[in-house]
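Listed here are the chains, written in short residue letters.
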Amino acid sequence: MKVGLFVPCYVDMFHPETGIATLELLERFGLSVEYPVDQTCCGQPMTNTGCEREAAKTEELFVRNFEKYDYVVTPSGSCTNQVRNNMTAIEQSDAVKHVRSRTYELVEFLHDVLKVDAFPWAEFPHRVALHNNCNTLRNLRIASMSERREEPFSKPKALLKMVRGIEFADLTRPDECCGFGGTFSVFEEGVSAKMGQDKVTDQLKSGAEYVTSSDSSCMMHQEGCARRMGANLKYIHIAQILNGARA
Amino acid sequence: MTAELHEELTDPHADQLDHGAASSRPLKSRISEPQPRGAKIRGNRPVDQSEAANRFMAATEHEAMHDARLWDLRQKRDKEMHGIEEWEELRDLASGIKEHTLSKLDYYLELFEKNATANGIKVHWAKDGAEHNAIVLDILRSRGVELLIKSKSMLTEECGFREFMAKNNVEVIETDLGERIQQLDDEAPSHVVVPAVHKLRTDVASVFAKTIGSDPDNADAHYLTECQREATRPLILSAQAGMTGGNFVVAETGTFVVCTNEGNADLSANTPPLHIASIGIEKLIPGLDDLAVFIRLLSRSALGSPITQYTSHFRGPREGSEMHVVLVDNGRSERLGMEKFWPGLKCIRCGACMNTCPVFRRSGGLSYGATYAGPIGLIIDPTFNVHKYRNLPYSSTMNGSCTNVCPVKINIHEQIADWRRTLAGDGEISPVKKVMMKAAGEVLASPVVYRASLPLGRSALRHLPHFMLYNKLNTWGRKRDIPETPKQTFNEWYRKNRKQPGEGEKS
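Residues numbered from 1 in each chain as written. Chains lettered and ligands numbered in written order. Predicted model: local features only at pLDDT ≥ 70, side-chain atom pairs only at ≥ 80, totals over all residues.

Just checking my understanding: could you explain the overall build of chain A for this structure?
Assigned secondary structure in chain A consists of 13 helices and eight strands. Computed over C-alpha atoms, the radius of gyration of chain A comes to 17 Å, within 12% of the 18 Å expected from 2.2 N^0.38 for 247 residues, which places it in the range of a compact globule. Counting only C-alpha atoms, chain A reaches 50 × 45 × 40 Å along its principal axes. Split into buried and exposed, the 247 residues of chain A put 62% on the buried side. For chain A, the share of sequence-separated contacts (at least 6 apart) that also reach a separation of at least 24 residues comes to 77%. (Helix = DSSP H or I, 4+ residues; strand = E, 2+ residues; numbered from the N terminus. Rg over C-alpha atoms; globule rule 2.2 N^0.38 Å. Buried ≥ 20, exposed ≤ 12 C-beta atoms within 10 Å, placed from the backbone. Contact = placed C-beta atoms within 7 Å.)

Help me understand the domain arrangement of chain A in this model?
Accessible area lost on assembly of the parts is the figure often given for the size of an interface. Residue and element names in this part refer to chain A. Partitioning chain A into structural domains gives domain 1 (2–113) and domain 2 (127–242). Just the C-alpha atoms count here: the centres of domain 1 and domain 2 sit 21 Å apart. Put simply, the parts of the chain that give the side of domain 1 that touches domain 2 at least two residues each are helix 1 (9–14), helix 2 (16–28), helix 3 (44–48), helix 5 (77–86) and helix 7 (106–113). (Domains from an automatic or database assignment.)

Sorry, what's going on with the sheet that holds strand 8 (residues 284–285) of chain B here?
All names here are of chain B. Across the sheet, which stays open at both edges, the four strands sit in the order 8-5-6-9 with mixed pairing between neighbours. Edge positions in the open sheet fall to strand 8 and strand 9 (310–314), since each of these has one partner strand only. Bridge count between strand 5 (residues 248–250) and strand 8: two bridges; the pairing is parallel. If you follow Val249 over to strand 8, its bridge partner there is Leu284. Helix 13 (residues 288–302) rests against strand 5, strand 6 (255–260), strand 8 and strand 9 of the sheet, and its axis sits at about 170 degrees to strand 5. (Pairing = 2+ DSSP bridges. Axes fitted to C-alpha atoms, helices over the stretch in contact; angles between N-to-C directions.)

I would appreciate a short explanation of the interface of chain A and chain B in the present structure.
Each partner contributes to the interface: chain A provides 57 residues, whereas chain B provides 59 residues. If you list the elements that add at least two residues to the side of chain A that touches chain B, you get helix 1, helix 2, helix 3, helix 4 (52–66), helix 8 (134–139), helix 10 (184–187), helix 11 (189–205) and helix 12 (216–229) of chain A. No other element matches the seven residues that helix 11 of chain A contributes to the side of chain A that touches chain B. Grouping the amino acids of the side of chain A that touches chain B by side-chain chemistry returns 26 nonpolar, 15 polar and 16 charged. (Nonpolar A, V, L, I, M, F, W, Y, C, P; charged D, E, K, R; others polar.)

Help me understand the pairing of strand 7 (residues 274–280) of chain B in this model?
Each regular strand carries side chains that alternate between the two faces of the sheet. All names here are of chain B. Across the seven residues of strand 7, seven count as buried, placing the element largely inside the fold. Side-chain alternation along strand 7 places Leu274, Ile276, Ser278 and Gly280 on one buried face and His275, Ala277 and Ile279 on a second face that is also buried. Pairing of strand 4 (residues 241–244) with strand 7, which is carried by three bridges, proceeds in the parallel orientation. Following the sheet pairing, Met243 is matched in strand 7 by Ile276. The pairing of strand 7 with strand 10 (residues 322–328) spans seven bridges and is classified as parallel.

How should the sheet that holds strand 1 (residues 122–126) of chain B be read in this particular structure?
Sheets are built from strands that pair by backbone hydrogen bonding, the pairs being arranged parallel or antiparallel. Residues and elements named next belong to chain B. Judged by pairing direction, the sheet is parallel, and its six strands sit side by side in the order 1-10-7-4-2-3 without closing on themselves. Each edge of the open sheet carries a strand with a single partner, namely strand 1 and strand 3 (171–174). The sheet shows a mean angle of 25 degrees between the axes of neighbouring strands, taken without regard to direction. The pairing of strand 2 (residues 147–150) with strand 4 spans three bridges and is parallel. Paired with Lys150 across the bridge in strand 4 is Met243. Strand contacts of helix 11 (residues 221–238): strand 2 and strand 3, with the helix running at about 115 degrees to strand 2, the strand carrying the most contacts.

Explanation requested: helix 20 (residues 431–444) of chain B in the structure shown.
Structurally, the α-helix is built with 3.6 residues per turn, so residues lying three or four positions apart point the same way. For helix 20 of chain B, spanning 14 residues, the distance from its first C-alpha to its last is 20 Å, which sits close to the expected 20 Å at 1.5 Å a residue. Taken together, the buried positions of helix 20 of chain B are Lys433, Met436, Met437, Ala440, Gly441, Val443 and Leu444 of chain B. The buried residues of helix 20 of chain B occupy one face: seen down the axis, they fall within an arc of 165 degrees. With respect to the buried face of helix 20 of chain B, the exposed residues turned more than 90 degrees away are Pro431 and Val435 of chain B. Turning to helix 20 of chain B, the residues buried within the fold contact helix 3, helix 4 and helix 10 of chain A together with helix 21 (447–453) of chain B. (Expected span 1.5 Å × (residues − 1). Arc of directions from axis to C-beta.)

As structure tokens, then:
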């Protein structure tokens, strides 16, 4: 199984440790993982703003970088959603279809494809609040949502439960959007920041020491709000916890 | 004005019921804060929703109460949903019935007209708001009506009905309490089900003090309601005509159904000798079996109550009275022909998407500056005026909660994305967004340019990369800390620590 690693632009720039943890974690399972160094972005900022034409060249580059892999794995649900469900600015060639159907968010790849049943190296003796990015929740369906009448399930929680010492903190509005929303965070800054502050307040009330998520983008926004608010909370990507980070 | 309160309402320790569903937490504000007003409307210029939202949030008491009240409705909706095992199946059914009816709308409309006419109802057809208003005015004038009572109707809001009637010297009295508050305050409804939900009790006290002479310092909900009741009842009893909307129009029986919690639609319809119902053509459903599906979903989705207090079937005029139905198009036929946006016509106006929307709860419905606010508004309003409402589809994080609470399964968040594509394609996008995305698209299409645009770890510009700052907004840091740039990017780390693709093949 040949795996291509996609490290989203904001992870590359601001959270290289998340990319490193993802790579090391996949390597622990004996996979041959490559990171094509000419990668940039999945095209999401342009697509989400409606500027499909402007996204086309970026999408083409993405496909060129990843068409030779059996799977593309990325530590981001919103980028996965972009590739799988919204990469429509370019002609849907076989290569494009292959890449789109083979791109997985890290948690669903571990849970559904590798069917991992243990992380013997992982121990995280902390109280942790889990944040599900809205794209992973309602588009990729990595967890049940409170809006629907369905059997409760959570792939990220199922994985985290295999980590020794971890304790979960419950939020009062677990699947309320945190207000990041990609370009929304810049264009609609006021509402975005207010939603982020409310999310941080909920996390604080839960008694969490750490917040984890399979998306760095939401956490980048939440962490920015938390720091400005002087909130004593730490943010860590789920890849780091599963890869054995202790703090 | 002193209101005669019912005995149990004067008892301060009585278990006060907050609204129809009787289980809401009473919310009391601590301070009196002036009510923020809605979006500034400047002719046909694009509405700036975020400007109005920022003013709403600056009124912290209002924002907190609004968010808490609507989230409470959402939670009660969830509770009701869990009580119905076949909930998701009901949503499928409701969506299917609406799709079927919309696909044969001409047939069902004519069937309704035939059956309603046989029941003694006079059916009128209006192609737009102006025609609707003219038809109603004609009916009223020919019968010498000067005072009209009406229940809440979003359609009449679409038609600018009250303003039109005021110009033509017909006094209109809203009988829904929330809508009456909004009428007295000369404000549009901010929500399709709870029109004054953006107001605090103190706001209502000040509106009533100015308009009906209540005590400005008494903001007790029961006192205020009682005052309004006393002021409005005489008008209801002396009105010469009553007007309602219609939640569902049943083709096979030629009847229509109105759902309310206050019984005000029944008063409006049954007190005067003339009843006019204004109804959008998308409200058609084939038969009474279909109605049952919607009745089970409507109030559960809207307020989290099993059913509205009143579900009234109107089958024809009482002896000695008249009943008219005005079927209104007002852009609906055109919307039905829009490949991406026709499913918005399935909407039953329950407001569940508004209650769940995190942007709506923090912005207030009047910030949208349009008849329909919140998620459903984002996808319907541009069909009325694409230029004026071109910013609205951006007032969303596209989190998808709306789509999943919708009882008729409208793909709201997907349509929001489709609207953005449509607007950008038609040049109806703000220049700032366009310039920024064009720049981003070029930078991200080239690995070399992209790498060159990134801030270096030790450079003075420990900031977002240039292409993200290529705008005057640079708003990230206003209320959020900017993330620190690490010493090296992942790309740099990988080049140093791992064999690069291609190298392995060579060896």
